[in-house]
Amino acid sequence: MIPKLLDIVYWPDDRLHQPCDTITKFDGDFLERLSADMILTMLHNSGYGLAAPQVGHNIQMLVMLTDVMDDDPLVLINPEIIEQSDSPFEWREGCLSVPGYFETRKRPNRTVVRFNDVEGEIHQTEFIGIWSFVVQHEMDHLHGKVFVDDLSPFKTKRVQEKIKKTLKRMR
Ligand code: ZN
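Quick notes on the rules
Residues numbered from 1 in each chain as written. Predicted model: local features only at pLDDT ≥ 70, side-chain atom pairs only at ≥ 80, totals over all residues. Heavy atoms only, no water. Helix = DSSP H or I, 4+ residues; strand = E, 2+ residues; numbered from the N terminus. Rg over C-alpha atoms; globule rule 2.2 N^0.38 Å. Buried < 20%, exposed > 50% of the residue type's maximum accessible area, 1.4 Å probe, protein only. Contact = heavy atoms within 4.5 Å. Areas by Shrake-Rupley, 256 points an atom, 1.4 Å probe, with all protein chains shown as cover. Lys, Arg positive; Asp, Glu negative; His and termini not counted. Charge placed at Lys NZ, Arg CZ, Asp CG, Glu CD. Salt bridge = Lys/Arg side-chain N within 4 Å of Asp/Glu carboxyl O. Core = buried A, V, L, I, M, F, W, Y, C linked by side-chain atoms within 4.5 Å. Phe/Tyr/Trp six-rings, centres within 6.5 Å; stacked < 30°, edge-to-face > 60°. Lys NZ or Arg CZ within 6 Å of the ring centre and 35° of its normal. Patch = residues over 30% accessible without salt bridge, like charges linked within 9 Å, V, L, I, M, F, W, Y side chains within 5 Å.

Attention now goes to the overall build of the protein. If you tally the helices and strands in the protein, you get 3 helices and 7 strands. In sequence order, the protein lays out its α and β elements as α-β-β-β-β-β-β-β-α-α. The C-alpha atoms of the protein give 16 Å as radius of gyration, which agrees with the globular expectation for 171 residues (16 Å, within 12%). With the C-alpha coordinates of the protein rotated into their principal frame, the extents come out at 45 × 40 × 30 Å. By residue count, 47% of the 171 residues in the protein fall in the buried class. In the protein, 68% of the contacts between residues at least 6 apart in sequence involve partners at least 24 apart. In the form shown here, the protein has an accessible surface area of approximately 9,600 Å², with 49% of it arising from carbon and sulfur atoms. Mean positive and mean negative side-chain charge positions of the protein (20 and 27 charges, respectively) differ by 13 Å.

With that settled, the discussion passes to the pattern of salt bridges. Scanning all chains against the criterion turns up 8 salt bridges. The partner of arginine 110 in a salt bridge is glutamate 83, with the nearest N and O atoms 3.1 Å apart. Placement of arginine 110 in strand S6 (residues 110-116) and of glutamate 83 in strand S3 (residues 74-84) is noted, with a sequence separation of 27 residues between them. Residue class for arginine 110 comes out partly exposed when judged on its relative accessible area of 24%. A single salt-bridge network, built from bridges that share partners, covers Glu83, Arg110 and Glu126.

What follows concerns the nonpolar core. Counting residues in hydrophobic clusters, the biggest one holds 32 residues, and the most contacted among them are Met38, Met61, Met64 and Leu76. Once you skip the residues sitting within four places of it in the chain, methionine 38 turns out to touch Leu6, Leu50, Ala51, Ala52, Val55, Met61, Leu62 and Val63. Counting residues in each nonpolar core, the second largest holds 13 residues, with Leu16, Cys95, Val148 and Ile163 among its members.

With that settled, consider the environment of glutamate 90. With respect to the helices and strands, glutamate 90 occurs in strand S4 (residues 88-93). Setting aside residues no more than four positions away along its own chain, glutamate 90 makes contact with Thr104, Arg105 and Lys106.

Let us now look at the packing of aromatic side chains. Throughout the structure, instances matching the rule amount to 5 aromatic pairs. Considering the side-chain rings of phenylalanine 89 and phenylalanine 133, the 6.4 Å spacing of their centres and the 70° angle between planes classify their relative orientation as edge-to-face. A residue pair is termed long-range when its members are at least 10 positions apart, and phenylalanine 89 in strand S4 and phenylalanine 133 in helix H2 (residues 130-142) qualify at 44 residues. A ring pair is formed by tyrosine 101 and phenylalanine 147, whose centres lie 6.3 Å apart and whose planes are at 35°; its orientation type is tilted. With tyrosine 101 in the loop between S4 and strand S5 (103-108) and phenylalanine 147 in the loop between H2 and helix H3 (153-170), the pair connects residues that are 46 residues apart, well separated along the chain. Classification of phenylalanine 147 as buried rests on a relative accessible area of 7%. The cationic tip of arginine 107 hangs over the ring face of phenylalanine 133; the distance from NZ or CZ to the ring centre is 5.4 Å.

This part covers a positive patch on the surface. A cluster of like positive charges, contributed by Arg92, Arg158, Lys162, Lys165 and Arg169, occupies part of the molecular surface. A per-element tally of the positive patch places H3 first, with 4 residues. Tracing the sequence through the fold places lysine 165 in helix H3. On the basis of relative accessible area, lysine 165 is assigned to the exposed category, the value being 61%.

Spatial relationships are all this shows, so hold off on functional conclusions.
This is the structure:
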């Protein structure tokens with residue numbers, strides 16, 4: 001199986017604003033294939049994470065790095081936050097669906113997530129700092145939320161112009 005690059009869905013596409021279905025079937029190679037394609041697409045675009053709705057699948061699945069040198073990214077299916085710290089971690093938030101736009105944001109510094117792997121096995125992992133930030137960002141996607149959804153109309157226009165310009169440069 002050779003993974004292939006997938007097309008990214010760009011904000012404010014409707015497909016980014018729908019809650020995603022829970023995955024209940026772990027028996028085919030669909031999940032295996034899609035996660036491999038998503039990992040390739042994430043790495044190719046220098047992303048730290050990618051959620052299924054960003055490639056047009058409204059299902060509860062995301063892939064992410066857990067280390068900047070990571071060559072074996074993590075696949076999280078049906079992720080659920082079960083613990084989170086109060087202390088914040090500040091980072092420049094960005095998104096492959098919002099190319100060229102970044103904004104400094106704070107999110108909890110520690111997040112414990114329970115999830116299934118592609119075989120349906122249950123895991124529990126603690127994410128700290130950047131990785132806590134990333135897992136929360138990607139999980140927002142699974143709830144139909146993008147980090148630029150709540151900006152003022154003025155800023156929204158600026159983000160849309162920025163995306164257009166960045167995509168033009170990429171093509
Ligand atoms: Zn994103």
